[in-house]
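Commentary on secondary and tertiary structure
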Amino acid sequence: MTLETLSSGIDTVWVVLSAAMILLMEGGFALLEAGFVRYKNSVNIIMKVFADITIGTLLFYAIGFGLMYGSDAGGFIGVTGFFLNGDLSHLNVPVSLETFWLFQAAFTIAVISIVSGAVAERINFRAYLLYIILMTAIIYPIGGHWAWGGGWLSQLGMQDFAGSAVIHALGGFSALAAAIIIGPRKGKYTPLGVSAIALPSNLPLASVGAFLLWFGWFGFNAGSTLSATDVRIGHIAIVTMLSAAAGGAATLLYTLFRFNRSDAPSVINGSLAGLVGITAGCAFVGDLAAIFIGAVSGLLMMAATNWLDRMRIDDPVGAFPVHAVSGMWGTVAVGLFATDGGLFMGGGWKLLGVQVLGLTALVAWGFAMTWFGLKLIGKVVPVRSTEEEEDLGLDISYHGVMAAHQSHEFLDGEEHMIAYQQKSSDSNR
């Protein structure tokens, strides 16, 4: 065995394990969102996450990867690599094509899961399935090509190491467009515009989800080196930890002194905001800058949450404040604090200008494509659940089961099937 073969093998193991950590984040999304929403919609959250993984993976394999990483056409899209076929010799990665695809597929699934949270408790499940196709086959891959696949933003020199802009800001603005189109949950806002308090169904469950996301983020950021021998791995890991801690600490202290209590949902989302904020610059900024980026991310998340309520935009899990707003800040922060080219590090305005331009293009793309895409989907199937389905809960309405029950007896299978068929027949009339 040669040294080169050994190094390649170690890199492969590193990237596969990192991809597995990112895929485990889907469990985090499921628990976090299920804990934040009302109990009657928990199964629907889980089913959307499974749809993200299953349908999203297949679509990214067939179409998305080629559009994202295929041979560049005019700086806009890739034109090879569909079904992992065609000329992909331009990809200069230290691992095999299959290994690289697996890592990128895990990223793709994370993007669609961001949108899932913002439309929780009221999106029509069939419409959501159609939107998965749009996001994983077109929206994210084309935006990703611009910044990561050799497109026009990468040619300009945009720096987004693990996706504050490409994944989180794009996904967060897509979530915003979806939340606006679908509208708030029934009863969320009073006729006077006051927001009703929506109590989370299970905060311990949500906190476990947050910890799973935090764990997976080390694969998200450090795994983006694509090499187990990259000397930056330790630094990426520590700034990831510091930024997350700063985001959680900032929201903990803010709510403690502002409201005389430490608000658990805010602290959970503050930590996640810190993780989102450092994702772009984890390989480019120093420790102290990471702490500052994380703290600001947490406070911006709080401000954005209040802004959504003022605008009567319903985002049950805080997808837009956590992912879009913190992702925007993290992308701009690279232009300010990057040790090589950052404005505050003596690098001038060039990198900052490129970061702002790239960020603007990506969020506009995600918002516009989601807006028009959902309008188009609405011509095929209703985008929003009916009032009756929402009152009953999407678990029963779309999946025919509750998250848990206390019955100790078997159901009468024949009677249950007749009732279910009757309900399906009535809903199709």
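About the thresholds
- Residues numbered from 1 in each chain as written.
- Predicted model: local features only at pLDDT ≥ 70, side-chain atom pairs only at ≥ 80, totals over all residues.
- Heavy atoms only, no water.
- Helix = DSSP H or I, 4+ residues; strand = E, 2+ residues; numbered from the N terminus.
- Rg over C-alpha atoms; globule rule 2.2 N^0.38 Å.
- Buried < 20%, exposed > 50% of the residue type's maximum accessible area, 1.4 Å probe, protein only.
- Areas by Shrake-Rupley, 256 points an atom, 1.4 Å probe, with all protein chains shown as cover.
- UniProt positions renumbered as here; feature names shortened; annotations may be inferred.
- Core = buried A, V, L, I, M, F, W, Y, C linked by side-chain atoms within 4.5 Å.
- Contact = heavy atoms within 4.5 Å.
- Phe/Tyr/Trp six-rings, centres within 6.5 Å; stacked < 30°, edge-to-face > 60°.
- Expected span 1.5 Å × (residues − 1).
- Patch = residues over 30% accessible without salt bridge, like charges linked within 9 Å, V, L, I, M, F, W, Y side chains within 5 Å.
- Salt bridge = Lys/Arg side-chain N within 4 Å of Asp/Glu carboxyl O.

**A look at the overall build of the protein chain**
- Broken down by element type, the protein chain carries 15 helices and two strands.
- Against the globule reference of 22 Å for 429 residues, the protein chain gives a C-alpha radius of gyration of 22 Å, in line with a compact fold.
- Taken across its 429 residues, the protein chain has 54% of its residues classed as buried.
- Looking at the protein chain as shown, the accessible area adds up to about 18,400 Å², and 68% of this sits on carbon and sulfur atoms.

**A word on the UniProt feature "domain: Ammonium transporter AmtB-like" (unreviewed entry) in the protein chain**
- Cross-referencing UniProt, the feature "domain: Ammonium transporter AmtB-like" (unreviewed entry) maps to residues 13-403 in the present numbering.
- In the segment residues 13-403, helix accounts for 68% and strand for 1%; the C-alpha atoms at its two ends are 36 Å apart.

**Re the nonpolar core**
- Membership of the largest hydrophobic core comes to 118 residues, with the highest contact counts inside it found for F65, Y131, M135 and F220.
- For this core, the leading source of residues is helix 3 (residues 97-118), giving 12 residues.
- Those residues within four positions of M135 in sequence are excluded, and the remaining contacts are V111, I112, V115, Y140, P141, L170 and S174.

**As for the side chain of T279**
- Mapped onto the fold, T279 is located in helix 9 (residues 264-279).
- Here T279 falls in the buried class, since its relative accessible area comes to 0%.
- Once you skip the residues sitting within four places of it in the chain, T279 turns out to touch F161, A162, G163, S164, H168, W217, F220 and N221.

**Comments concerning the packing of aromatic side chains**
- Under the defined criterion, the tally for this structure stands at 23 aromatic pairs.
- With a centroid separation of 4.9 Å and 50° between ring planes, the pair formed by F103 and F107 is classed as tilted. With a gap of four residues between them, F103 and F107 both fall in helix 3, about one helical turn apart. For the pair formed by F103 and F107, the shared burial category is buried.
- Aromatic pair F292 and W329: ring centres 6.1 Å apart, planes at 75°, arrangement edge-to-face. Of this pair, F292 sits in helix 10 (residues 287-310) while W329 is found in helix 11 (residues 319-337), placing the two residues 37 residues apart along the sequence.

**Looking at unusual backbone geometry**
- One non-glycine residue, F83, lies in the positive phi region at around 55°.
- In this fold, F83 is placed in the loop between strand 2 (77-78) and helix 3.
- With a relative accessible area of 47%, F83 lands in the partly exposed category.
- If you check the backbone angles, N260 has positive phi at about 65° while not being a glycine.
- With respect to the secondary-structure elements, N260 resides in the loop between helix 8 (233-259) and helix 9.

**Here we look at helix 10**
- Taking 1.5 Å as the rise per residue, helix 10 with 24 residues should run 34 Å; its terminal C-alpha atoms sit 35 Å apart, in good agreement.
- What helix 10 keeps buried is the set A289, A290, I293, G294, S297, G298, M301, M302, A304 and L308.

**Concerning a nonpolar patch on the surface**
- On the surface, a cluster of nonpolar side chains totalling about 490 Å² of accessible area is made up of M1, L3, L6 and I10.
- You can see L6 is positioned in helix 1 (residues 3-36).

**Points about the pattern of salt bridges**
- This structure, assessed with the given rule, holds eight salt bridges.
- Measuring nitrogen to oxygen at the nearest pair gives 2.7 Å for the salt bridge that ties D314 to R185. One end of the pair, D314, is in the loop between helix 10 and helix 11; the other, R185, is in the loop between helix 6 (164-182) and helix 7 (203-222), and 129 residues separate them in sequence.
- Residue class for D314 comes out buried when judged on its relative accessible area of 2%.
- Using a relative accessible area of 8% as the deciding quantity, one classes R185 as buried.
- Three or more residues are tied together by salt bridges with common partners; here these are R38, E121, R185 and D314.

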